[in-house]
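Listed here are the chains, written in short residue letters.
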Amino acid sequence: MRQPTGEQLVFHHSVFTETCKIPYGRVTSYGQIARRIYRPQNARQVGMSLKNLTTYTRFFDDPEFQNLPWWRVVNSQGVISKRERAEAVTEQATLLRREGVIVSERGGEYFIDLNEFGWFEDASDDSKSSDESDD
DNA sequence: TATCTGACTGGGA
DNA sequence: ATCCCAGCCAGAT
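Residues numbered from 1 in each chain as written. Chains lettered and ligands numbered in written order. Predicted model: local features only at pLDDT ≥ 70, side-chain atom pairs only at ≥ 80, totals over all residues. Heavy atoms only, no water.

1. Overview of the pattern of salt bridges
- Scanning all chains against the criterion turns up 6 salt bridges.
- Between K51 and E84 there is a salt bridge, with the nearest N and O atoms lying 3.0 Å from each other. With K51 in helix α3 (residues 43-51) and E84 in the loop between β2 (73-74) and α5 (87-98), this residue pair connects regions lying 33 residues apart in the sequence.
- Its relative accessible area of 70% is what places E84 among the exposed residues.
- The partner of R85 in a salt bridge is E91, with the nearest N and O atoms 3.3 Å apart.
- Residue classification places E91 among the partly exposed residues on the basis of a relative accessible area of 32%.
- Shared partners join several salt bridges into a network, and the residues in it are E18, K21 and R36. (Salt bridge = Lys/Arg side-chain N within 4 Å of Asp/Glu carboxyl O. Helix = DSSP H or I, 4+ residues; strand = E, 2+ residues; numbered from the N terminus. Buried < 20%, exposed > 50% of the residue type's maximum accessible area, 1.4 Å probe, protein only.)

2. A look at the nonpolar core
- If you look at the biggest cluster of nonpolar residues, it comprises 33 residues, and the most contacted ones within it are V15, F16, L50, L68, I80, L96 and I112.
- Looking at this core, the elements that each hand over two or more residues are α1 (6-21), α2 (30-36), α3, α4 (53-57), β2, α5, β4 (109-112) and α6 (114-117).
- If sequence neighbours within four positions are ignored, I112 has contacts with V27, V74, G78, I80, L96, V101, I102, V103 and F117. (Core = buried A, V, L, I, M, F, W, Y, C linked by side-chain atoms within 4.5 Å. Contact = heavy atoms within 4.5 Å.)

3. Side note on α5
- Over its 12 residues, α5 runs 17 Å from end to end, which matches the ideal 16 Å to within 8%, given 1.5 Å per residue.
- Among the residues of α5, those classed as buried are A88, V89, Q92, A93, L95 and L96. Looking straight down α5, one finds its buried side chains confined to an arc of 165 degrees; they lie on one side. Looking at α5, the residues exposed on the side facing more than 90 degrees away from the buried face are E87, T94 and R98. (Expected span 1.5 Å × (residues − 1). Arc of directions from axis to C-beta.)

4. Concerning the protein's contact with DNA strand B
- If you check the shell around DNA strand B, you find 15 residues, and the closest are Y30, G31, R44, S76 and K82.
- Backbone atoms, meaning sugar and phosphate, make up 47% of the atoms of DNA strand B lying within 4 Å of the protein.
- A distance of 2.8 Å separates a phosphate oxygen of DNA strand B from a polar atom in the backbone of S76.
- Between a sugar or linking oxygen of DNA strand B and a main-chain N or O atom of K82, the distance comes to 3.2 Å.
- Counting only elements with at least two residues in the surface near DNA strand B, the list comes to α2 and α3. (Near = heavy atom within 4 Å. Polar contact = N/O pair within 3.5 Å; in protein donor to acceptor, adjacent residues only side chain to side chain.)

5. Examining the packing of α1 against α3
- The interhelical angle for the contact between α1 and α3, taken along N-to-C directions, is 80 degrees, at an axis separation of 10 Å. Classified by the angle their axes make, α1 and α3 are roughly perpendicular. Contact residues: α1 offers Q8, F11, H12, V15, F16 and T19, while α3 offers Q45, V46, S49 and L50.
- Grouping the amino acids of the contact of α1 with α3 by side-chain chemistry returns 5 nonpolar, 5 polar and no charged. (Axes fitted to C-alpha atoms, helices over the stretch in contact; angles between N-to-C directions. Parallel < 35°, antiparallel > 145°, perpendicular 65-115°, else oblique. Nonpolar A, V, L, I, M, F, W, Y, C, P; charged D, E, K, R; others polar.)

Interpretation in functional terms is not warranted from these geometric data alone.
Structure below.
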């Protein structure tokens, strides 16, 4: 893997920063993060940033990235996205359940109800944003 | 340099 | 609702 350009580092840093903002017990989508960092066409790239999380986070000093909550990011349908490391999927489901997120199974996939646990900056979530408590 | 791939999405059939 | 697919764009070969 090559050294990311400064522009890419900015992108990755933005993704990590936004991911860290996702409240405990809530989830958001790759596309939503892309929108939040003003790169609406880069949802796939958001996934890549998280895929290479350990590689990219070492380019930054931010200690908050040490325990970055990558598991709070799912796809726009509320499904835990498939990936090369299949184990990471069940691992993500476990981490989410540990935070109280209800993760149900559908044909071998793990599904989260975004109406219940989804986090969106424009959502009028007045009752659900109060149950935060970092670990 | 050319081509393929993927932790994505939204829209059309 | 489900399936399919073109667009997307940085990384990997």
